[in-house]
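# Survey of secondary and tertiary structure
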Amino acid sequence: RAAVIMAKAGAAVIRVFNYGSNSTVQLAGRVGNPKLRTLPAFLPDYSRVFCLQSRGWESGGVASISPNAGDVIYGSVAELTPKEKAALDQYEGSYREEKVTVVVGRPGDSQKRVEVIAYVAGSACERAFTEPLTTRPSEAYLTAIHVMLREHWPDDCDTIAIRGCQADGSIAEHDQWTHPGCSELGLGGLCVEMNAMRDEKETMPTIIPSFRRALDTIGITSAKDVAGLLTRADNGTAADKLEKSCRAQGLGAGTITALRQLHLHKLFVYGTLLTGECNHHVMTGARLVNPSAATAQTDFVMLHDRSLPYPYALEHKVMVEREEVMPTRLVGEVYAVSDDHLQRYGLGGCSIDDLEGFPDLYNRIPITLDGGGAALLYVLADAEIIQEGVENSEGNFLEVFRGDWRTHRVQQTTAQVE
């Protein structure tokens, strides 16, 4: 497919290799072509390095390339008209053009070697191909590279090496950056992710200051604050306030819609939402963060009505009348989920709130995870919902030992077989 597209005849096109912040979304906005498409491509025997200092990208360094035998830079190729190329040139003021040969297409697909233009920082000299590293790239800029990479190279974007070109032309690696998840991003990185989700894209990175001001106006200073706003009981009013604040800063409509699609919440699951359990399909679209997690709190109770395929979890303080029920931690998994998935709809057929019967049957409460970090957890809203069943169950209600539903199920299945 790539070879066919790259070989097409017709109007003159200029092929440009994108390896930095120019994702398809960003590039389309910069050249004024919302229908622009890019193709996966990689540049062998070069390394992505960082240099210069960009005021727009929060005064951090930006990407360039430098020859480096045996290394590879993953990116994409765009075919631009001369007018589109001229528009892109306006964003590449400190860069020169170099012709390089890239391989278009992923391994296993039809591939073709193509000569393209790559923007390279600085002027070439005898000793160094590009400028040296002076300033670490900002989180917002690294997030933009991550967005670009995962369009075509999702398996090769987890870690971005922060390298610099030395005066003698050699390349040194100074650090590595891993995307922390949207819920842990600063507002600059969150703005990049938000814009990637918008139907009507804004031009990056010029909207970052406006986005920051819009959130600061209503007291939001982090992605966690945004997540908290979206899960407030009055989230409709709070969301409207944020949308109005964004519009006041000149941002187009759709900010809240885009934010609701990001994985801003961490959710701890312990029962049938676990991998391999009967309701796990409801988690489709969520990202598994920790497959072996536990709560830091040890004041929960997990009970199982043997006539049902799922457990009940509740806070021990609501079971004080049953002294034989011992408080415990809960064992499960942690997922990153979007607000839409949590409260509105999911790829698995319903929202997680709908499955859990929130807020009538289950409450959503904030918890601390063993090892650090926070998450949301569903617990039974009122012990009276099962109190009568527990008291009259004649042994049908079992305590789930150590809050571990999977181990409990295996033990129950083994007991039935025996």
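What counts as what
- Residues numbered from 1 in each chain as written.
- Predicted model: local features only at pLDDT ≥ 70, side-chain atom pairs only at ≥ 80, totals over all residues.
- Heavy atoms only, no water.
- Pairing = 2+ DSSP bridges.
- Helix = DSSP H or I, 4+ residues; strand = E, 2+ residues; numbered from the N terminus.
- Axes fitted to C-alpha atoms, helices over the stretch in contact; angles between N-to-C directions.
- Phe/Tyr/Trp six-rings, centres within 6.5 Å; stacked < 30°, edge-to-face > 60°.
- Buried < 20%, exposed > 50% of the residue type's maximum accessible area, 1.4 Å probe, protein only.
- Lys NZ or Arg CZ within 6 Å of the ring centre and 35° of its normal.
- Core = buried A, V, L, I, M, F, W, Y, C linked by side-chain atoms within 4.5 Å.
- Contact = heavy atoms within 4.5 Å.

### Section: the pairing of strand β7 (residues 171-178)
Both strand β6 (residues 159-165) and β7 contribute to a ladder of seven bridges, which runs antiparallel. Considered in β7, the bridge of I160 is made with W177. From the end of β6 to the start of β7, which pair antiparallel, there are five residues, and G169 there has a positive phi angle of about 90 degrees.

### A word on the sheet that holds strand β8 (residues 265-269)
What the five strands build is an open sheet, ordered β9-β12-β8-β14-β13; its pairing is mixed. The sheet is open, and its two borders are formed by β9 (287-294) and β13 (362-368), each paired with just one other strand. Averaged over all pairs of adjacent strands, the angle between their axes in this sheet comes to 30 degrees, without regard to strand direction.

### Details of the packing of aromatic side chains
Across all of its chains, the model carries nine aromatic pairs by this definition. Between the aromatic rings of W57 and Y141, the centroid separation amounts to 5.3 Å while the plane-to-plane angle is 75 degrees, which identifies the pairing as edge-to-face. Here Y141 lies in helix α4 (residues 139-152) and W57 lies in the loop between β2 (38-54) and β3 (60-80), a separation of 84 residues in the sequence. Pair check on accessibility: W57 and Y141 agree, each one buried. With centroids separated by 4.7 Å and ring planes inclined at 50 degrees, the aromatic side chains of Y74 and W153 adopt a geometry described as tilted. Placement of the pair is Y74 in strand β3 and W153 in the loop between α4 and β6, with a sequence separation of 79 residues. A connected cluster of aromatic rings, assembled from ring pairs, spans F42, Y74 and W153. Positioned above the aromatic ring of F129 is the side chain of R96, whose terminal nitrogen or guanidinium carbon lies 4.9 Å from the ring centre. Its guanidinium or amino end placed over the ring of F358, R364 lies 4.2 Å from that ring's centre, counting from NZ or CZ.

### Some thoughts on the nonpolar core
Formed by 74 residues in total, the largest nonpolar core has its most connected members in F17, W57, I65, V102, L190 and L264. No other element matches α4, which puts eight residues into this core. Sequence-distant contacts of V102, that is, excluding residues within four places in its chain, are made with F17, A41, F42, L43, V77, K112, R113, V114 and V116. If you look at the next biggest cluster of nonpolar residues, it comprises 39 residues, including Y270, V282, M283 and L380.

Nothing here speaks to function; it is all geometry.
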